[in-house]
Every structure is written in C-alpha cells, then in structure tokens.
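Given next are the chains, with one letter for each unit.
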Amino acid sequence: PLTGTMLNKPVLLESLIVFIIVLCVHTVVWDRYSWCVVALAIQAFYVQFKWDRLLRLGGAVFQFRTTANSGLLPASMVIPLLGIVMKERCKAAGTVYFERFGIVVASTGMVLALFLSVIAVGITRPVPTNTCILSGIAGSIILYTMKYSLTVSEVIEVLEVLLIFVYLSMILLYLLPRCFTPGEALLVLGGVSFILKQLIKLSLNVIEGRGDPVHFVLLVAVAGVVLLGIFFTALFFFMDSGTWTSSMFFHMMTAVLGLGVLMPWLYHLIQRNPLLWLLQFLVQTQTRVYLLVYWTLLAASACMVVLYQNSKRSSESKKHQASTITRKYFHFIVVATYIPGLIYDHQLLYIAAVLCLVVFILLEYIRYFRIKPFGQTLRHLLTLFLDERDSGPLILTHIYLLVGMSLPVWLFPSPCAPKGTLPGGGALVPYSGVLAVGVGDTIASIFGSTIGEIKWPGTKKTFEGTMTAIFAQIIAVALILIFDGRVNLNTSYAWILGSISLVSLLEAYTTQIDNLLLPLYLQILLMA
C-alpha cells in the first residue's frame, strides 16, 4: 500500500493544479456551462483512478502507454474549457456564428470525455457504485444543459463527432498499441474527429466567400493524412512493405490521393486553383520571401544537427543516446522559427505549420512502413533521439512538438479579434505555444538536469527547473512586448504571471505529453 500512495501523490497534485486552472477560468467566466465542467472534472478525477487500475492490471481493452498514468482529468478539461473561453471572447466581439461554434466545441468536449469515463466504469470489475453514481450525475447535468442551450442541428453535430471519434479510436488504438494514454487518445482523436466533422459540414454547404482559404488547408490536410494512414495500414497488412514494388505503390498512391482527391476537394472549398493560390500566397509580400529563406536555413541546420550527432554516435559506440541538451536544440530551433512568423505574418505561419505537419507525418509513415529508399535510414537516424515517452511503434514526440507550438496559431479566433489581437492578456494567445513549450519546458529541463537539487515530491522534476522556467517565460513576455508592437497588456500582469506559474507547475507534475497539454492550458488561461 505504501508504494501505491507514493505513486498517487503526483497524480493528486496534478489533479489539484487542473482544478485550480478550472476554477481560475470560472472566476472570469461563470454561466450555466460552468456547472457542467465542474461536475465533469469531479467525475473525471474519480474515473482516473479506475483507468489507472485498469492500466496497471492490463484490463483495458487496448494497449496504452505503460509508463504514464491515464491522464484523463487534464485531457478531458481541455476541449470544454477551450469552447467556453472561445464563446466568451466572441460574445464580447459580437460575432454570433462563432459564439455558437464555441458552445458546440464545449459540449462536444464534454460528451467525448463523458463517453471515455463511462467506458472505464463499464469495464471495471467489480462495478464501482460510487463512481457510477457520480458519472450519472455529471452526465445528467450535461445533458440537461445541452437540451436547453443547443439547437437540434447542433446536437446532431455533437453526435456526429462522437460517432467519428468512436470509429477512429477503434481503428487507431487497435493499430497502434502503446502510443497513447487514454487522455492523449481523447485529445488527439477528439481533435481529429472534430476537424473531420467541420470538413464534412463545410463541404456540404459551400457559401461563396465564407471563411478564409487558409483555414480550409488545415482541415483538408488533416483529413487527407488520416485517410492515407488508415489506407496504407490496411494495405500493408496484406503485403510486405519493404519491397520496391510496395515502395512504388506507396508513392503512387500518395500522389493520387494528393492530386486526385485533396486538390479537387480544396478547389471545391476555396473556389480557385489551390496550387496557384498557394504560390501567390507564398510570394505575396517581401517579408514572406525573407521568412521563407530564413526558415529554409533553419531546417538545414536542424538536419545538420541530426547528421552530426549520428556521425558522433557511429564513432563512439552503438548505444549512444542523445542527451537532454541535444534534444532541446530542436526546441531552440523551433522557437527561432516561430517568433518571427508570429511577429510579422500569422497567416504564413499557419500555412507553413500545416505543410510541415503533413511532411512530418509522411516521413513517419515512410519510417514506420520501412518504405524502400529512405525508410531504413530514417529509422536508424531517429532512434538516436528517442524519448522514454515513445514506447509504441510510432515516434511521435517531434510531431507533438510541432502541433503543440502551432495549436495556438491554428485555434486563434481571428474573426472574434478586432484589429488582429485580443485585448489585454489575450494578445499573448498566439505566443502561448512558444512560451509554454519552447521557453518554459526547454529551460526547465536544461536547468533542472544541470543544477537541480531539490526535487518536487514524487517526481523527477526539480524545484530549480520550475523556478527558472517561470522566470524565463516572464523575460520572454517582456521581450515580446518590446518587439511586437501590437501586444498591449494594460493591467493584466498578475493574471499572466499566475497563469504562467500554474502551467509550469503542471509541467512538473504531469506524465502526459507536455508538448501537447501545456500550450493548450496556457492558451485557455490567457484567453480568459
């Protein structure tokens, strides 16, 4: 029993931090949805222990990541809170369409989280009565609120997302064992299914001039990548993926899907030729060309780092793991990539992040299926930079890094922001990825591993690491204030300081993939 209590301490503290974040958001925004979120948080807290027990005993239906706890509470809070904050922002700006959209996001998040917890309660034996009662109460509160605040079409949208989520999670969790914890599965698959639903909805009723072409690129790209992955997994289930024929087949099918399915689809959505539009877009202004050149240089330097490390490895020994510091080189490169993009050109950064994501995932497919010319070399190069969190067959940390940095840019509610920025602390919203992951996490791991003495109870993270992280993020905010003229903080310094410290504390205690969770929480706090 003693080891059990020791193991549960970080979990309890993590849950406490998440509760504090939820309450902070609700001190600003309090309406009928808040009751739903609080009820959901409490029942997720209870269900989390059930999931942990299932994972330890191996009773869960799919294989999840073994090293981490289930992380249901932090993940199930993200989507509802995001929706609520978005709704408030758009209400203040007076755009009704996006206000309704925020409400739909919030209720979708609640329904998905509730679904996951009900599954956990359902497969636990013996049946946990108290947790069942709690889940029932939370579910009834949520359904009651939804009945009075959603229209019929919105309810149908939420159910659509749930349906896509169920199918996706069945397929993906079966195909990729040990890649996610339940919480991460909820976040990643929930996001993907929401994107698919948006894409279907927008494709069925295209209105002239509605929406930015930039947003459609993200939707179509995600849908295409997911479809491609499922298709290839089904295909290479039957044939050997290491041969030249299958390699030719892979490249041909990618080209066919890209040019024959996704391009017409994009054309249908934005009503002009996507490739021509993209070229025009990339060379529209002088700064864009400069930024593109700068980014190409950075990418080349990143490749140089990988190759240099590899040559060092082959000369030294077989079992040479890259140290934490070398892994954080990439974080620095990413920060250097994002900050000029954020200061000068949001839209270009948006597109570049989407394209980069597609490239990363295609490379991951090539490595995973060992497609002929490059698959084996990629596999060899990337094993050097493995994290303890990549226990599954996929290497996902770098993709999570990219997604975590660009989520604040993708989710930035531009229609609700007059003059391109939100008032007060909201002006820092696009920077939340850079702050939380790029600055905070990097500095914390470097200082914590070099000078850290005092450990936080129950974890490997150190007190010094967290303190330096908070300090570095404050310095970064000051630098952003100097360089970006549009950011104007008025009086919200205390709020910014509080949210940065909360997120850094969460970084110390969570065992989930912090590249994904931290930017989202920082964004939620800053938007509130």
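So, here is what we can say about the structure in this document. (Residues numbered from 1 in each chain as written. Predicted model: local features only at pLDDT ≥ 70, side-chain atom pairs only at ≥ 80, totals over all residues. Heavy atoms only, no water.)

**A few points about the overall build of the protein**
Along the protein, the regular secondary structure elements total 19 helices and 0 strands. Over its C-alpha atoms the protein spans a radius of gyration of 23 Å, differing by no more than 12% from the 24 Å that the globule rule assigns to 528 residues. With the C-alpha coordinates of the protein rotated into their principal frame, the extents come out at 60 × 55 × 55 Å. In the protein, which comprises 528 residues, the proportion classed as buried is 55%. Looking at the protein alone, contacts between residues at least 24 apart form 80% of all its contacts between residues at least 6 apart. The averaged location of the 24 negative side-chain charges in the protein is 4 Å from the averaged location of its 34 positive side-chain charges. (Helix = DSSP H or I, 4+ residues; strand = E, 2+ residues; numbered from the N terminus. Rg over C-alpha atoms; globule rule 2.2 N^0.38 Å. Buried < 20%, exposed > 50% of the residue type's maximum accessible area, 1.4 Å probe, protein only. Contact = heavy atoms within 4.5 Å. Lys, Arg positive; Asp, Glu negative; His and termini not counted. Charge placed at Lys NZ, Arg CZ, Asp CG, Glu CD.)

**Focus: the packing of aromatic side chains**
Applying the stated criterion across every chain yields a total of 12 aromatic pairs. Here a set of aromatic residues connected by ring pairs shows up, and it is made of Phe231, Phe232, Phe236, Phe250, Tyr365, Tyr368 and Phe369. Sitting over the face of the ring of phenylalanine 194, lysine 197 holds its NZ or CZ atom 4.7 Å from the ring centroid. Just above the ring of phenylalanine 281 sits the side chain of arginine 288; from NZ or CZ to the centre is 4.3 Å. (Phe/Tyr/Trp six-rings, centres within 6.5 Å; stacked < 30°, edge-to-face > 60°. Lys NZ or Arg CZ within 6 Å of the ring centre and 35° of its normal.)

**As for the nonpolar core**
Of all hydrophobic cores here, the largest spans 162 residues; its most connected members are Met77, Leu428 and Tyr521. Top element by residues in this core is helix 8 (residues 213-236). It accounts for 15 residues. Those residues in contact with leucine 428 that sit more than four places away from it in its chain are Val477, Ile480, Val487, Leu489, Ile496 and Leu526. (Core = buried A, V, L, I, M, F, W, Y, C linked by side-chain atoms within 4.5 Å.)

**A look at the packing of helix 8 against helix 13 (residues 346-369)**
Contact geometry of helix 8 with helix 13 gives a least axis separation of 10 Å together with a crossing angle of 5°. Here helix 8 is positioned roughly parallel relative to helix 13, judged by the angle of their axes. Contact residues: Val214, His215, Val217, Leu218, Ala221, Val225, Leu228, Gly229, Phe232, Thr233 and Phe236 in helix 8; Gln347, Tyr350, Ile351, Val354, Val358, Ile361, Leu362, Tyr365 and Phe369 in helix 13. For the contact of helix 8 with helix 13, the class distribution of residues is 16 nonpolar, 4 polar and no charged. (Axes fitted to C-alpha atoms, helices over the stretch in contact; angles between N-to-C directions. Parallel < 35°, antiparallel > 145°, perpendicular 65-115°, else oblique. Nonpolar A, V, L, I, M, F, W, Y, C, P; charged D, E, K, R; others polar.)

**Thoughts on the packing of helix 8 against helix 9 (residues 244-270)**
Running from N to C, helix 8 and helix 9 cross one another at 150°; their axes reach a closest spacing of 10 Å. Considering the angle they form, helix 8 stands roughly antiparallel to helix 9. For helix 8 against helix 9, the interelement crossing comes out right-handed. Between helix 8 and helix 9, the contacting residues are Pro213, Phe216, Val217, Val220, Gly224, Leu228, Phe231, Phe232, Leu235 and Phe236 on the first element and Ser246, Phe249, Phe250, Met253, Thr254, Leu257, Leu262, Leu266, Leu269 and Ile270 on the second. In terms of residue class, the contact of helix 8 with helix 9 is built from 17 nonpolar, 3 polar and no charged. (Left-handed = near helix turned anticlockwise from the far one by under 90°.)

**What about helix 18 (residues 493-509)?**
Across its 17 residues, helix 18 extends 25 Å between first and last C-alpha, which sits within 8% of the 24 Å expected from 1.5 Å per residue. Here helix 18 has its buried residues at Ile496, Ser499, Ile500, Leu502, Val503, Ser504, Leu506, Glu507, Ala508 and Tyr509. (Expected span 1.5 Å × (residues − 1).)

**As for a nonpolar patch on the surface**
Together, Phe471, Ile475, Leu479, Ile482 and Phe483 make up a nonpolar patch on the protein surface, roughly 570 Å² of accessible area in all. By the secondary structure assignment, isoleucine 475 is in helix 17 (residues 463-483). On the accessibility criterion, isoleucine 475 (43% relative accessible area) is partly exposed. (Patch = residues over 30% accessible without salt bridge, like charges linked within 9 Å, V, L, I, M, F, W, Y side chains within 5 Å. Areas by Shrake-Rupley, 256 points an atom, 1.4 Å probe, with all protein chains shown as cover. Salt bridge = Lys/Arg side-chain N within 4 Å of Asp/Glu carboxyl O.)

**What to know about the pattern of salt bridges**
Under the counting rule described, the total for this entry stands at 6 salt bridges. Between arginine 100 and glutamate 154 there is a salt bridge, and its shortest N-O distance comes to 2.9 Å. With arginine 100 in helix 4 (residues 96-123) and glutamate 154 in helix 6 (residues 152-175), the pair connects residues that are 54 residues apart, well separated along the chain. Exposure remark for arginine 100: the relative accessible area of 27% places this residue in the partly exposed category. Note that glutamate 157 and lysine 201 form a salt bridge whose closest N and O atoms lie 3.4 Å from each other. Of this pair, glutamate 157 sits in helix 6 while lysine 201 sits in helix 7 (residues 182-204), placing them 44 residues apart in sequence.

**Some details on the state of the cysteines**
One pass over the structure, following the stated rule, counts 0 disulfides. Counting only cysteine sulfurs, cysteine 36 is the nearest neighbor of cysteine 24, a cysteine outside any disulfide, at a range of 20 Å. With no disulfide of its own, cysteine 356 lies closest to cysteine 303 among cysteine sulfurs, the gap being 11 Å. (Disulfide = S-S within 2.5 Å.)

**Focus: the side chain of serine 406**
With respect to the helices, strands and loops of the structure, serine 406 is situated in helix 15 (residues 397-410). Excluding its chain neighbours within four sequence positions, the residues that come into contact with serine 406 are Tyr338 and Ala353.

**Some points on the side chain of serine 15**
Within the secondary structure, serine 15 sits in helix 1 (residues 2-28). Beyond its immediate stretch of four places on either side in the chain, serine 15 contacts Phe45, Gln48 and Leu73.

**Looking at the environment of serine 117**
Following the sequence through the fold, serine 117 ends up in helix 4. Among the residues examined, serine 117 registers a relative accessible area of 1% and is labelled buried. Counting along the chain gives 167 residues from serine 117 to glutamine 284, while the straight-line C-alpha distance between them is 48 Å. Beyond its immediate sequence surroundings of up to four residues, serine 117 is in contact with Gln43, Val47 and Leu72. Only 3.2 Å separates the side chain of serine 117 from the side chain of glutamine 43, close enough to count as a polar contact. Polar contacts involving the side chain of serine 117 include one to the main-chain carbonyl oxygen of leucine 114, which spans 2.9 Å. (Polar contact = N/O pair within 3.5 Å; in protein donor to acceptor, adjacent residues only side chain to side chain.)

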